[in-house]
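Chain and residue survey
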Amino acid sequence: MVLTVDMDNIPQSVAAKFGSPNARPRVLRTYDPHAGWMDRTSKAFLTLEVAAELKAAGITLVVAKWKRQLHQISLLHLELPPR
């Protein structure tokens, strides 16, 4: 099974952080200020929709991985579409 990701749904600032417009990072860990760091079992792609859902749930930071790169990304500074 091949998962496809619409590249327009990956935030440009996230792709830039990974150094490639083709980056498709997956969320490995999330940070909730009240609960701390939590590992993610789903490893979802960090799309605009996923970022908006996480932010609405109170998540402020994510650790995302693409290829061999790991980056911490603040959801507070991401420009997300209004819900």
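Higher on the page you've got the structure.
None of these values were measured; they are calculated from a predicted model.

Analysis parameters
- Position labels on residues start from 1 in each chain and follow its written sequence.
- In keeping with the model being predicted, local features are shown solely for residues with a pLDDT of at least 70 and side-chain atom pairs are shown and tallied solely at 80 or more, while totals for entire chains, interfaces and linings include all residues.
- The side-chain quantities take in all heavy atoms of the structure and omit both hydrogens and water.
- Criterion for a salt bridge: a side-chain nitrogen of Lys or Arg within 4 Å of a carboxyl oxygen of Asp or Glu.
- The way it works is that DSSP assigns letters per residue, a run of H or I at least four long becomes a helix, a run of E at least two long becomes a strand, and they are numbered from the N terminus.
- Only rings of Phe, Tyr and Trp enter the pairing, Trp through its six-membered ring, and a pair is recorded when the two centres are within 6.5 Å. The plane angle decides the type: under 30 degrees is stacked, over 60 is edge-to-face, the rest tilted.
- The cut-offs for exposure are 20% and 50% of the maximum accessible area for each residue type, with area from a 1.4 Å probe on protein chains only; residues under the lower value are buried, those over the upper are exposed, and the others partly exposed.
- Whether a charge sits over a ring comes down to the Lys NZ or Arg CZ being within 6 Å of the ring centre and within 35 degrees of the ring normal.
- Being paired, for any two strands, means DSSP has found at least two bridges between them.
- Only the contacting stretch of a helix is used when fitting its axis, a line to C-alpha atoms as for every element, and angles between N-to-C directions run 0 to 180 degrees.

Pairing is possible between side chains that carry opposite charge, provided their charged atoms lie close to one another. Tallying each qualifying case throughout the model produces 1 salt bridge. Between Arg 29 and Asp 39 there is a salt bridge whose closest N-O contact spans 2.9 Å. Linking Arg 29 in strand β1 (residues 26-32) with Asp 39 in strand β2 (residues 36-39), this pair joins segments that are 10 residues apart in sequence.

What follows deals with unusual backbone geometry. The phi dihedral of Lys 43 is positive, around 55°, even though this residue is not glycine. With respect to the helices, strands and loops of the structure, Lys 43 is situated in the loop between β2 and α2 (48-56).

This part is about the packing of aromatic side chains. A full pass over the atoms with the stated rule returns 1 aromatic pair. Centroid distance Tyr 31 to Trp 37: 5.2 Å. Interplanar angle 55°. Geometry classified as tilted. For Tyr 31, a relative accessible area of 25% translates into the label partly exposed. The class for Trp 37 is partly exposed, based on a relative accessible area of 32%. Sitting over the face of the ring of Phe 45, Arg 26 holds its NZ or CZ atom 3.9 Å from the ring centroid.

What follows concerns the sheet that holds strand β4 (residues 69-74). Within the open sheet, the 4 strands sit side by side as β2-β1-β3-β4. Their pairing is antiparallel. Two strands close off the open sheet at either side, each with one partner strand: β2 and β4. Across the sheet, the mean angle from the axis of one strand to that of its neighbour is 25°, orientation sign disregarded. Direction of pairing for β1 relative to strand β3 (residues 61-66): antiparallel, over a ladder of 5 bridges. Directly across from Tyr 31, in β3, lies its bridge partner Leu 61.

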